[in-house]
Amino acid sequence: MTPRPFRTVLTASACFCAVACGQTLDAGATRPHGLLPVDERNPVVLMNDGWSDNWAGEYAVLLANGGGPKLAGIVVNAAGTWSDLDENVTGWRALVAAARESGLSGIPDPIASISDKLVRPASGVIEDTLPNRSEGALFILRVSSELSRPYRPLVVATGGRLTDVADAYLIEPALAERIVVVSSLGELSQSGAAMGVPNGEMDPWADAIVSARLRYVQVNAYYDQLTEVPASRLGELPSNALGAFIAAKQPQVYDLDVAADQVAVLAAGFPAFVTAVTRVSGDGSVSPGATEGPELTASREGPAWLVTEGASALAVGHFWELLLDRRTYAR
Amino acid sequence: MPTARLRLLVCLACIAAPAQAEAPTEAQPFTVALEYTAPATCPSDGDLRSVVARRLGYEPFREDASERVLVIVIPTASGIEGRFQWLGSTGHASGEQSFPAGQRDCAELVRTMGLALAVQIHLLATETETSAGLPPTAGDAASPTAAKPPPSNASSSLAPAPAEGAARPSNSAKLLPFVGAGVAAGLGVAPTVVPLVRVFGGVAWSHVTLELGGELSTRSVGERDDGGGFAQQLMLASFAGCGTYARASACALAKVGAVRVSGRGVDEPRSPDGVAVELGLRLDYRQPLGAWGFVAPKASVLGNLNRWTITLDDLSVWQAPAVGADVGVDVGVVFQ
């Protein structure tokens, strides 16, 4: 027979257990610093084609050294106007070299990714699509496995077509839990936004895959990117390799708002830039032979985010602040 | 006055001891090995043996006896001081008695000690007979007061050190309160090895000790790789029931209390409280420090009955393991 005191202890313990076993103590949570699900704390992979038509690369390397997101990779592909992969990669390497020579740290070498646009299968089912297994796709899979956390996914900030991102999903669908795609792509429309020009027209089926299967932020807050480095301010550029690179590039930057791919980098890494966001949803399908991706329709419960307005003046001010701050080059 | 206290002690010892206690007649008489150390000016070993033998009515000292008693007389700044200490068959100290310092007459002191020693030998003999199922001697029946310990006003500490629990002749059934404090390193109760401080008090008698305590941990921190994390602190009440043998104790141990958690490095930190319930075992070993004090190294193994899980961003970042432990040391005093 069990001694009485022992039984008492057991009973008391069981009572405690009944009310307390398996208790969960919630110590808090992180919240995005802006209107989007990601902010300057999320690591970023920059994906683009051309190097000279906008300031996406310059923003990425400056933010990485000025309180912005860690730059986890630069994936360079080729499509449309920027169909020469060698030329594209050469330009990006020059930016990386200038940044490093100036004292910026954490700037990775660009990775060349060879891929054709994805082909919509006859079934129209996304998962039936044949993946390219491109270098860019495999890189995204690897880096997202290393750096992504459930509370802080990897951002893939794109300024070109979405082929490599969609390709990565096709190789490993679990990628959907590890990344958020933030794209300078398409334009606003009456019902929400179109996944067309710029960048969306180059692989409509990839647009459909990304908008249907991945966490997707479309940034259409384009602005006049000639305000970044007007000729009148060339003399203010820092006298280092990066300043020289920017000065040499300045005449090549497109006088075209929708070419401002840096809006994707800003939306992800400089939360103050994003001033208006709408939730949208896409139907996830495009017809055979489509020339642009699916329409994104405004929807309160939509799974995707559409950035409709941005604080460009604030962004430009921050650009110069980082560019001229000596601490930027001493990290 | 030391002299007055000595005289009182002698009187009480004479009352307590049988006037002419007979040697145990059954089987072998109780014997003890004597080790006597005293200045040359004091009575000899033989004198002491004689005092004891006269009082008992037989010679109790044998070198091959399993029990030993050390009788020591040492000079002090104010005179001389006497003390004897009982050693069990395993060599552990199981009881001692001090005689007040300040005496200058060594002969009187040794005589007093001899009488007190005779009383204790008689009590031991009686105890041995009783435990062997033998009837008490006539002396015991005639002198019930002999079952009582010698007077305590002579700094008596005939009861074993409370930590030992194992009663020597004397007041083994006496309740001995004690208090103390301790420090320990806790493992498995926090994300890191965590310092614990505690205070405790309780009572000891014979082979049993009951103890209540309270303990507090420092704040231990767990961190994610993004710098987000949490701090945790434990505040526990403890209850221990111990069985003691000589200086060692084995205890059933229960702890109940609060787990205080606070988020750090996250945008919306929270500070929830939880309940900790632990059951386990503790082993300790009490080493006497002077007349009243003790120091006790200890080790515990505890099962967490309610394994709490700490979350950040709704994701588990740490869970209390099923089993924890602590290793530390206590110090305390026993009120005799």
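Student: If you had to explain the overall build of chain B to someone new, which residues and values would you point to?
Tutor: Counting secondary structure elements, chain B contains four helices and 18 strands. Scored against the burial criterion, the 336 residues of chain B give a buried share of 42%. Across chain B, every contact between residues at least 6 apart in sequence was considered, and the portion connecting residues at least 24 apart equals 62%.

Student: Describe in detail the overall build of chain A, supporting the description with residues and values.
Tutor: Assigned secondary structure in chain A consists of nine helices and 13 strands. A buried classification covers 53% of the 331 residues belonging to chain A. At a minimum sequence separation of 6, the contacts of chain A that also span at least 24 residues come to 79%.

Student: Could you give an account of unusual backbone geometry, naming the residues involved and the relevant values?
Tutor: A cis geometry characterises the amide bond from Val-197 of chain A onward to Pro-198 of chain A, with omega recorded as 0°. Position of Pro-198 of chain A among the secondary structure elements: in the loop between β9 (192-194) and α6 (204-213). With a phi close to 45°, Ser-206 of chain B is a non-glycine residue in the positive phi region. By the secondary structure assignment, Ser-206 of chain B is in the loop between β7 (194-205) and β8 (208-217).

Student: Can you tell me about the pairing of strand β11 (residues 248-264) of chain B, naming the residues and giving the values?
Tutor: Residue and element names in this part refer to chain B. Relative to β11, strand β10 (residues 229-245) runs antiparallel, the two being bridged by 17 bridges. Residue Phe-230 lies in a different strand from β11, and its bridge partner there is Gly-263. Connecting β10 to the antiparallel partner β11 that follows it, the hairpin turn spans two residues, and Ala-246 within it adopts a positive phi of roughly 55°. The pairing of β11 with strand β13 (residues 273-285) spans 13 bridges and is antiparallel. Bridging across to β13, Lys-255 finds its partner in Glu-278.

Student: Lay out the interface of chain A and chain B in plain terms, naming residues and giving numbers.
Tutor: Listed as interface residues are 20 residues of chain A and, on the opposing side, 28 residues of chain B. For the side of chain A that touches chain B, the secondary structure elements donating two or more residues are α1 (4-20), β1 (24-26) and β2 (28-29) of chain A. Among the elements that line the side of chain A that touches chain B, the one with the most residues is α1 of chain A, at five residues.

Student: Can you break down the confidence of the model for chain B residue by residue, with the values?
Tutor: For residues with low pLDDT, the predicted coordinates do not support detailed interpretation. Residue and element names in this part refer to chain B. Confidence in the prediction for chain B averages 78 pLDDT; 76% of positions are at 70 or higher. When the criterion is pLDDT under 50, residues 1-26 qualifies, and its contacts beyond four places in sequence or with other chains add up to 62 contacts. Under a pLDDT of 50 for its full length, residues 133-172 has, in the predicted model, 113 contacts with residues more than four places off or in other chains. In the predicted complex, the global pTM is 0.68; the interface-specific ipTM is 0.78.

Student: Lay out the environment of Asp-283 of chain A in plain terms, naming residues and giving numbers.
Tutor: Considering the arrangement of structural elements, one finds Asp-283 of chain A in the loop between β11 (274-282) and β12 (295-298). In sequence terms Asp-283 of chain A and Pro-294 of chain A are 11 residues apart; their C-alpha atoms lie 6.8 Å from each other.

Student: Report on the nonpolar core, specifying residues and quantitative values.
Tutor: Within the largest apolar cluster, 94 residues are counted, with the highest numbers of intra-cluster contacts made by Val-182, Val-217 and Ala-267 of chain A. Considering every element that reaches this core, the biggest residue donor is helix α2 (residues 56-64) of chain A, with seven residues. With residues near it in sequence (within four places) discarded, Val-182 of chain A still touches Val-38, Val-155, Ala-157, Val-217, Val-219, Ala-264, Ala-267 and Ala-268 of chain A. Formed by 29 residues, the second largest nonpolar core is a distinct cluster that contains Cys-42, Val-52, Leu-56 and Val-73 of chain B.

Student: I'd like to hear about the packing of helix α4 (residues 135-147) of chain A against helix α5 (residues 163-171) of chain A, residue by residue, with values.
Tutor: Residue and element names in this part refer to chain A. With their axes 8 Å apart at the nearest point, α4 and α5 run at an angle of 65° to one another. For the pair α4 and α5, the crossing hand works out as right-handed. For the pair α4 and α5, the contacting residues are Gly-136, Ala-137, Ile-140 and Leu-141 in the first and Asp-164, Val-165, Asp-167, Ala-168 and Ile-171 in the second. Per-class residue counts for the contact of α4 with α5 are six nonpolar, one polar and two charged.

Student: Explain helix α8 (residues 262-269) of chain A to me, using residue names and the numbers behind them.
Tutor: Buried residues dominate α8 of chain A, accounting for eight of its eight residues. Restricting attention to buried positions, one finds in α8 of chain A the residues Gln-262, Val-263, Ala-264, Val-265, Leu-266, Ala-267, Ala-268 and Gly-269 of chain A.

Student: Give a detailed account of helix α7 (residues 241-249) of chain A, specifying residues and quantitative values.
Tutor: Of all the positions in α7 of chain A, only Leu-242, Phe-245, Ile-246 and Lys-249 of chain A are classed as buried. One side of α7 of chain A carries all its buried residues, which in axial view fall inside an arc of 95°.

Student: Give a description of the sheet that holds strand β17 (residues 315-319) of chain B that names residues and reports values.
Tutor: With mixed pairing, three strands are arranged side by side in an open sheet as β1(A)-β16(B)-β17(B). Because the sheet does not close on itself, it has two edges, and the strands there are β1 of chain A together with β17 of chain B. Going from strand to strand, the sheet's axes swing by 35° on average, the running direction of each strand aside. Two strands pair when backbone bridges link them, and strand β16 (residues 309-312) of chain B and β17 of chain B are joined in this way by four bridges, in the antiparallel orientation. Bridge pairing in β17 of chain B places Ile-310 of chain B opposite Trp-318 of chain B.

Student: Tell me about the sheet that holds strand β10 (residues 215-219) of chain A, and please be specific about residues and values.
Tutor: Residues and elements named next belong to chain A. Taken in spatial order, the 11 strands of this open sheet run β5-β4-β3-β6-β7-β10-β13-β11-β12-β9-β8, and their pairing is mixed. Across the chains shown, the open sheet's two edge strands, defined by having one partner strand only, are β5 (110-112) and β8 (187-188). Looking at chain direction, β9 and β12 are connected through three bridges and run antiparallel. From the neighbouring strand, Gly-192 faces β12, where its bridge partner is Thr-297. Its contacts with the sheet put helix α3 (residues 85-102) on β4 (71-76) and β5, and the angle it makes with β5 is roughly 170°.

Student: Give a description of the environment of Trp-205 of chain A that names residues and reports values.
Tutor: Residues and elements named next belong to chain A. Its location among the elements puts Trp-205 in helix α6. Overall, the presence of 24 C-beta atoms within 10 Å leaves Trp-205 in the buried class. Excluding residues that lie within four positions of it along the chain, Trp-205 makes contacts with Leu-118, Val-119, Arg-120 and Val-286.

Student: Any chance you could break down the packing of α5 of chain A against α6 of chain A for me, citing the residues and the numbers?
Tutor: Residue and element names in this part refer to chain A. Running from amino to carboxyl end, α5 crosses α6 at an angle of 60°, the nearest separation of the two axes being 8 Å. It follows that α5 is oblique to α6 by the angle criterion. Crossing geometry of α5 relative to α6 is assigned as left-handed. Contact residues: Thr-163, Val-165, Ala-166 and Tyr-169 in α5; Ala-206, Ile-209, Val-210 and Arg-213 in α6.

Student: Explain the pairing of β10 of chain A to me, and be specific about the residues and the numbers.
Tutor: Residue and element names in this part refer to chain A. Where burial is concerned, most of β10 is hidden: four out of the five residues are buried. When β10 meets strand β13 (residues 304-310), the two strands line up parallel, connected through three bridges. Opposite Val-219, over in β13, you have Val-307 as the bridge partner.

Cut-offs and rules
- Along each chain, the written sequence defines residue order, and numbers are assigned to residues from 1.
- Whichever chain is written first is A, and whichever ligand is written first is 1; the rest continue in order.
- pLDDT decides what is reported in this predicted model: residues at 70 or higher carry local features, side-chain atom pairs at 80 or more are listed and counted, and totals for whole chains, interfaces and linings draw on all residues regardless.
- Numbering of helices and strands runs from the N terminus, with a helix taken as a DSSP run of H or I at least four residues long and a strand as a DSSP run of E at least two residues long.
- Here a residue counts as buried when 20 or more other C-beta atoms sit within 10 Å of its C-beta, as exposed when there are 12 or fewer, and as partly exposed otherwise, the C-beta atoms being derived from the backbone.
- In this description, any two residues whose backbone-derived C-beta atoms lie within 7 Å of each other are considered to be in contact.
- A pair of strands is treated as paired once DSSP finds two or more bridges between them.
- Per residue, pLDDT measures the predictor's confidence, with a range of 0 to 100.
- Note on definitions: a nonpolar core is a set of buried residues drawn from Ala, Val, Leu, Ile, Met, Phe, Trp, Tyr and Cys, linked by C-beta atoms within 7 Å.
- Lines fitted to the C-alpha atoms define the axes, with helices restricted to the stretch that makes contact. Angles between their N-to-C directions range from 0 to 180 degrees.
- Less than a right angle of anticlockwise turn of the near helix away from the far helix marks a crossing as left-handed, whereas a clockwise turn marks it as right-handed.
- The residue classification treats Ala, Val, Leu, Ile, Met, Phe, Trp, Tyr, Cys and Pro as nonpolar and Asp, Glu, Lys and Arg as charged. All others, Gly included, are polar.
- Note that the arc is computed from the directions linking the helix axis to the C-beta atoms.
- Throughout, the term roughly parallel applies to angles under 35 degrees, roughly antiparallel to angles over 145, roughly perpendicular to angles from 65 to 115, and oblique to all others.

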